[in-house]
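Spelled out from the first residue to the last, the chains are:
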Amino acid sequence: ETGVTQTPRHLVMGMTNKKSLKCEQHLGHNAMYWYKQSAKKPLELMFVYNFKEQTENNSVPSRFSPECPNSSHLFLHLHTLQPEDSALYLCASSRSFTGAEQYFGPGTRLTVT
Amino acid sequence: RKEVEQDPGPFNVPEGATVAFNCTYSNSASQSFFWYRQDCRKEPKLLMSVYSSGNEDGRFTAQLNRASQYISLLIRDSKLSDSATYLCVGRRRGADGLTFGKGTHLIIQP
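Quick notes on the rules
- Residues numbered from 1 in each chain as written.
- Chains lettered and ligands numbered in written order.
- Predicted model: local features only at pLDDT ≥ 70, side-chain atom pairs only at ≥ 80, totals over all residues.
- Heavy atoms only, no water.
- Helix = DSSP H or I, 4+ residues; strand = E, 2+ residues; numbered from the N terminus.
- Buried < 20%, exposed > 50% of the residue type's maximum accessible area, 1.4 Å probe, protein only.
- Contact = heavy atoms within 4.5 Å.
- Areas by Shrake-Rupley, 256 points an atom, 1.4 Å probe, with all protein chains shown as cover.
- Lys, Arg positive; Asp, Glu negative; His and termini not counted.
- Charge placed at Lys NZ, Arg CZ, Asp CG, Glu CD.
- Pairing = 2+ DSSP bridges.
- Axes fitted to C-alpha atoms, helices over the stretch in contact; angles between N-to-C directions.
- Core = buried A, V, L, I, M, F, W, Y, C linked by side-chain atoms within 4.5 Å.

Participant: Teacher, can you tell me more about the overall build of chain B here?
Facilitator: Broken down by element type, chain B carries 0 helices and 11 strands. What you see in chain B, going N to C, is helices and strands ordered as β-β-β-β-β-β-β-β-β-β-β. Overall, the C-alpha framework of chain B stretches about 45 × 30 × 20 Å when taken along its three principal axes. When burial is assessed residue by residue, chain B has 45% of its 110 residues classed as buried. Restricting to contacts in chain B with at least 6 residues of sequence separation, those with at least 24 account for 57%. Here chain B has roughly 5300 Å² of accessible surface; of this, 46% comes from carbon and sulfur atoms. With 14 positive and 11 negative side-chain charges, chain B shows a separation of 5 Å between the mean positions of the two kinds.

Now the structure itself:
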């Protein structure tokens, strides 16, 4: 299943590093999302993009910076992260921002040391 | 109070049994509800939408009770492959993203 792909699948970074997560959807969808999944916690919505425009920023710290150059690609730029930012970062897309069904990518498992 | 609450389980159920779990939501502005399934170390996938009139998809039945603000999922004739975490999900009117519960872990035992 390659509807939504994410790279890298695993990332280990130090607190002073800068890295980027990439998401690509091949479904022709117009809305894309970033979620964070930590152990023992529910998925947390981070950012929403609809037709490349950010429509929601769920009080996410500025050390996470999203970028959506077009409807098919979504990035999450990371800098000066904290160990508590270690989590699974999931990208999702849907036909529209009101779309009932969101298709998730496999996620990037991030460890901040 | 969390927006969407579920019993995390685990629910250990013998193969062939019927299992049901509920989810409660606190925000009456929540408009749409869904059940997603997440296998270990995999991404969530939509299992089914939930309608007020109740809906069925094979062995799975979902119900929504707006008056009591809860959603239920019933699995009949459970299979080993049903073992997964079931996520209760809501979407508020006018909101773009989904609100997920922590999930209920289901283990079907042979």
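Participant: For this particular structure, what's the right way to read the environment of A:Thr7?
Facilitator: Residues and elements named next belong to chain A. With respect to the helices and strands, Thr-7 occurs in strand S1 (residues 4-7). For the pair Thr-7 and Phe-75, spaced 68 residues apart in the sequence, the C-alpha separation amounts to 9.8 Å. Ignoring anything within four residues of it in the chain, the contact list for Thr-7 reads Leu-21, Lys-22 and Thr-108.

Participant: Looking at this model, I keep getting lost on the sheet that holds strand S3 (residues 19-25) of chain B. Mind explaining?
Facilitator: Backbone hydrogen bonds are what pair the strands of a sheet, in a parallel or an antiparallel way. Residue and element names in this part refer to chain B. Pairing in this open sheet of 5 strands is antiparallel, and the strands run S1-S3-S8-S7-S6 from one edge to the other. Two strands in the sheet have a free side with no partner beyond their single neighbour: strand S1 (4-6) and strand S6 (55-57). Along the sheet, successive strands turn relative to each other by an average axial angle of 20°, direction set aside. With 6 bridges joining them, strand S7 (residues 60-65) and strand S8 (residues 70-75) adopt antiparallel strand pairing. Among the inter-strand pairings, Thr-61 is bridged to a residue of S8, identified as Leu-74.

Participant: When you look at the nonpolar core in this model, what are you seeing that I'm missing?
Facilitator: The nonpolar side chains of soluble globular proteins are, as a tendency, buried together. Core analysis: the largest hydrophobic core is formed by 22 residues, its most contacted members being A:Trp34, A:Phe64, A:Leu76 and A:Leu78. For this core, the secondary structure elements donating two or more residues are strand S2 (10-13), strand S3 (18-25), strand S4 (31-37), strand S5 (44-50), strand S7 (64-70), strand S8 (73-79), strand S9 (87-94) and strand S11 (108-112) of chain A. In contact with A:Leu76, other than residues within four places in its own chain, are A:Lys19, A:Ser20, A:Leu21, A:Trp34, A:Met46, A:Phe47, A:Phe64, A:Ser65, A:Pro66 and A:Tyr89. Core analysis: the next-biggest nonpolar cluster, separate from the first, contains 21 residues, B:Val4, B:Trp35, B:Val50 and B:Leu73 among them.

Participant: Got a minute to help me understand the sheet that holds S7(A) in this structure?
Facilitator: All names here are of chain A. Judged by pairing direction, the sheet is antiparallel, and its 4 strands sit side by side in the order S1-S3-S8-S7 without closing on themselves. At either end of the open sheet lies a strand with only one pairing partner, and these are S1 and S7. Recorded for the sheet is a direction-independent mean angle of 20° between the axes of neighbouring strands. The pairing of S7 with S8 spans 5 bridges and is antiparallel. Among the inter-strand pairings, Phe-64 is bridged to a residue of S8, identified as Leu-78.

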